[in-house]
Amino acid sequence: MQVSSLNEVKIYSLSAGRSLPEWLSDRKKRALQKRDVDIQRRIELIQDFDMPTVSTNLKVSRDGQYIMAAGTYKPRVRCFDTYQLSMKFERCLDSEVITFDILSDDYSKIVFLLCDRYVEFHSQHGRYYRTRIPKFGRDFSYHYPSCDLYFVGASSEVYRLNLEQGRYLNSLQTDASENHVCDINTAHGLFAAGTIEGKVECWDPRTRNRVGMLDCALSSTMADKEVDGLPSISALKFDGALNMAVGTSTGQILFYDLRSSNPLIVKDHQYGLPIKSIQFHNALDLVISADSRIIKFWNKDTGKIFTSMEPEHDINDVCIYPNSGMLFTANEAPKMNIYYIPVLGPAPKWCSFLDSLTEELEENPETTVYDDYKFVTRKDLENLGLTHLIGSPLLRAYMHGFFMDIRLYHKVKTMVNPFAYEEYRKEKIRQKIEEARVQRVQLKKLPKVNKELALKLIEEGEEDLQNRRGKKQKKTPNILTDDRFKVMFENPDFQVDEKSEEFRLLNPLVSKISEKRKKKLEMLEQQETLGEEEEEEQEGKPSDAESSETSDDEKGWVEEVRKQRRLLRQEEKVKRQERLKEDRQTVLKPQFFEIKAGEEFRSFKDTAQRQKLMKKTLGDRLQLEEKVGALSVHDTIVGSKQATFKLKKSEQQQKQQEAEKHHHLERRKLRRSASHLKSKKGRGRPFH
């Protein structure tokens with residue numbers, strides 16, 4: 001079982017793994033299962049759920065017990081019983097099946113449209129009747145109220161076959177040269193046919209008149225995409241009473257409201273392949289559309305992708321098991337795929353163990369380690385001379401290459417290329433080119449937080465790089481490339497506050513340094529343009545000029561600091577005045593306090609006494625407590641002082657103590673003595 005995840009939606013492929021050939025004996029099958037790990041881990045949900053060569057169509061009966069599949073070669077249909085998890089029967093046909101439908105709740109009434117214009121009716125025992133339609137058919141739909149079968153195909157007519165009367169009725173004449181698909185709305189019986197010209201014609205079966213037409217080819221064309229030809233209708237499906245989805249041969253799905261001629265959403269598969277199937281998942285409002293390469297799940301209101309999956313082989317048909325998260329696909333391969341998506345719904349009742357199995361897999365995820373293996377492509381194998389190992393156990397096929405043991409890879413590489421001089425030379429040339437690219441003018445990509453600080457650090461780094469040119473100096477670390485300071489340029493909490501007092505007092509120094517740096521850069525640019533010789537002195541200018549410049553910078557910096565201090569004082573004065581105004585305008589109102597439950601208000605004298613007591617010294621307070629009796633101080637044998645305290649009980653504790661005393665007194669009054677139970681001496685047995 002393979003697990004894939006897209007947009008945090010897990011998809012379990014239940015048919016992944018190797019399948020054993022039918023002609024193997026049971027003994028050999030058991031032996032293979034013991035030896036091969038892949039065969040042991042596979043899940044065979046339904047036994048022999050495959051076709052000899054290709055599967056073309058899939059349907060599930062209305063009672064959910066039977067899965068019907070049509071395929072080739074030879075043309076056949078297989079019925080699988082989900083309650084027995086095995087194939088119930090198989091019937092071979094004279095020609096390939098284009099499409100089929102199950103008319104009853106089980107497999108007792110089935111209609112097949114074959115590629116040789118025949119229509120076959122099958123019952124439980126086998127083929128019941130067959131008839132022929134005038135033109136080659138492409139699709140058909142069954143109208144339950146009137147028991148009419150509507151056939152569309154390589155003709156402008158829609159043929160009607162009444163199953164109650166057993167004869168053909170007058171056909172419906174469309175404006176199209178050919179009709180590809182058709183569908184009938186189960187809510188109100190509207191019949192819709194998709195034409196080769198990219199139009200959808202809607203008919204009322206009661207009056208046999210056309211009631212509307214949609215030009216889907218015009219609506220499917222997009223401004224940013226070239227159209228090679230006229231898109232025809234390749235898929236059609238109704239959703240409820242008012243919605244309809246139309247798939248085109250160029251890979252677009254148009255979602256319509258029947259009350260409007262313009263589509264609500266146009267979804268493009270981006271592959272340019274005809275849409276093969278359209279299904280709906282009403283619980284999550286999803287549209288499940290499939291072409292021969294990919295199956296996409298997207299929201300029908302917003303068009304946002306929910307998830308998607310790409311099977312290994314081309315897709316012919318998609319079938320959803322009702323009221324569950326299980327999905328079947330018919331492919332251009334013998335094996336028919338089974339997928340389980342827990343987000344879409346629970347597992348069917350006949351395989352309910354899948355829910356517990358997937359829950360265990362989610363609780364204990366297995367980590368796959370590829371450290372001991374090297375991924376190589378076919379070109380790498382040709383360079384190493386190991387193409388003869390393809391198909392052997394030493395190479396494990398994966399995607400567009402192979403996995404091989406890392407020890408084998410290193411051993412073969414050292415034998416094939418012992419010196420690797422060319423690779424070493426190419427690597428050195430690449431390093432030199434990268435160093436030259438760093439010296440070029442590059443676009444400065446600044447972070448979102450502390451942009452000015454990052455710009456300053458970039459300029460300093462460029463300046464250091466120019467100073468170190470041709471000199472052997474240690475490379476100074478850069479904060480921008482250091483992971484320890486990475487948060488300073490990502491987290492908004494580390495943003496430098498330019499309005500703070502500290503920054504404003506330091507800002508003159510920072511600005512002066514940046515101005516000095518800019519002057520030096522301008523001088524270097526002028527020297528390069530004029531082609532002057534390199535400076536004789538190490539610093540780039542005479543010491544006298546530098547000293548005069550530094551003195552001017554210091555004077556300017558002092559003036560800037562004084563100016564900033566004056567501004568800060570003025571701002572503080574303004575703030576004080578605003579506070580005074582607010583204090584004058586505020587009117588003091590009496591405040592009321594609520595007494596806690598269980599307490600009584602005595603007077604304000606208690607608080608006043610407590611405040612006076614707190615103002616007294618510790619010695620005075622100890623003397624007061626000795627008088628009251630809450631504190632006793634006496635000397636010990638050793639000669640030190642020993643103090644014992646008696647904590648004052650709260651009012652609630654005192655009340656509780658008084659209540660307990662009262663209760664004990666009442667119990668004593670009510671108590672009955674047991675003295676009369678004592679036995680007198682000499683009378684009877686003593687009472688024990």
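Here the structure is a predicted model, which means the values were calculated and not measured.

Focus: the sheet that holds strand β10 (residues 127-132)
Piece 1. The four strands are arranged β7-β8-β9-β10 in an open sheet whose pairing can be described as antiparallel. Each having just a single partner strand, β7 (97-102) and β10 make up the two edges of the open sheet. Going across the sheet, the axis of each strand differs from the next one's by a mean of 15°, ignoring polarity.
Piece 2. With five bridges joining them, strand β9 (residues 118-122) and β10 adopt antiparallel strand pairing. Bridged to Tyr 118 within β10 is Arg 132.

Some points on unusual backbone geometry
Piece 1. Residue Tyr 73 is reached from Thr 72 by a cis peptide bond, and omega for that bond is 0°.
Piece 2. Residue position: Tyr 73 is located in the loop between β4 (66-72) and β5 (76-81).
Piece 3. In this model, Tyr 73 is joined to Lys 74 through a cis peptide bond whose omega is 10°.
Piece 4. Among the secondary structure elements, Lys 74 is positioned in the loop between β4 and β5.

What to know about the packing of aromatic side chains
Piece 1. On inspection of all chains with the given rule, the structure shows twelve aromatic pairs.
Piece 2. On the basis of an interplanar angle of 40° and a centroid distance of 5.6 Å, the ring pair of Phe 140 and Phe 151 is categorised as tilted. Residue Phe 140 is found in strand β11 (residues 137-143), and its partner Phe 151 is found in strand β12 (residues 148-153); the two are separated by eleven residues along the sequence.
Piece 3. Judged by its relative accessible area of 0%, Phe 151 is buried.
Piece 4. On the basis of an interplanar angle of 70° and a centroid distance of 5.5 Å, the ring pair of Phe 375 and Phe 403 is categorised as edge-to-face. Here Phe 403 lies in strand β32 (residues 401-405) and Phe 375 lies in strand β30 (residues 373-377), a separation of 28 residues in the sequence.
Piece 5. Through pairs of rings, three or more aromatic residues link up here, namely Phe 49, Phe 80 and Phe 328.
Piece 6. Looking at Arg 117, its charged tip hangs above the ring of Phe 136, at a distance of 5.7 Å from the centre.
Piece 7. Between the NZ or CZ atom of Arg 130 and the centre of the ring of Tyr 118, over which it lies, the distance is 3.7 Å.

Topic: the sheet that holds strand β23 (residues 275-281)
Piece 1. The four strands are arranged β23-β24-β25-β26 in an open sheet whose pairing can be described as antiparallel. Sheet topology places β23 and β26 (305-309) at the edges, where each strand pairs with a single neighbour. Adjacent strand axes in the sheet meet at a mean angle of 15°, parallel and antiparallel pairs treated alike.
Piece 2. The pairing of strand β25 (residues 295-299) with β26 spans four bridges and is classified as antiparallel. Of the residues in β26, the one forming a bridge with Trp 298 is Ile 305.

Focus: the confidence of the model for the chain
Piece 1. In the predicted model, the chain carries a mean pLDDT of 79, and 74% of its residues have values of at least 70.
Piece 2. Confidence over residues 532-549 falls short of pLDDT 50; this stretch has twelve contacts with residues more than four positions distant or in other chains.

What to know about the side chain of Asn 185
Piece 1. Checked against the element boundaries, Asn 185 lands in the loop between β15 (179-184) and β16 (191-195).
Piece 2. On the accessibility criterion, Asn 185 (2% relative accessible area) is buried.
Piece 3. Within the local environment of Asn 185, its side chain forms a polar contact with the backbone oxygen of Gly 240, the two atoms lying 2.9 Å apart.
Piece 4. Not counting residues up to four positions away in its chain, the partners in contact with Asn 185 are Leu 190, Phe 238, Gly 240 and Ala 241.

A short note on the pattern of salt bridges
Piece 1. For the structure on display, the rule yields 18 salt bridges.
Piece 2. Across the salt bridge formed by Arg 138 and Glu 178, the nearest N and O atoms sit 3.3 Å from each other. Separated by 40 residues along the polypeptide, Arg 138 in strand β11 and Glu 178 in the loop between β14 (167-173) and β15 bring together distant segments of the chain.
Piece 3. With its nearest N and O atoms 3.5 Å apart, the salt bridge here joins Glu 201 to Arg 210.
Piece 4. Taking the relative accessible area as the measure of exposure, Arg 210 reaches 36% and is therefore partly exposed.
Piece 5. Within the structure, one salt-bridge network assembled from shared partners comprises Asp 50, Arg 76, Arg 78 and Glu 90.

Thresholds, definitions, all that
- Residues numbered from 1 in each chain as written.
- Predicted model: local features only at pLDDT ≥ 70, side-chain atom pairs only at ≥ 80, totals over all residues.
- Heavy atoms only, no water.
- Pairing = 2+ DSSP bridges.
- Helix = DSSP H or I, 4+ residues; strand = E, 2+ residues; numbered from the N terminus.
- Axes fitted to C-alpha atoms, helices over the stretch in contact; angles between N-to-C directions.
- Phe/Tyr/Trp six-rings, centres within 6.5 Å; stacked < 30°, edge-to-face > 60°.
- Buried < 20%, exposed > 50% of the residue type's maximum accessible area, 1.4 Å probe, protein only.
- Lys NZ or Arg CZ within 6 Å of the ring centre and 35° of its normal.
- pLDDT = per-residue confidence, 0-100.
- Contact = heavy atoms within 4.5 Å.
- Polar contact = N/O pair within 3.5 Å; in protein donor to acceptor, adjacent residues only side chain to side chain.
- Salt bridge = Lys/Arg side-chain N within 4 Å of Asp/Glu carboxyl O.

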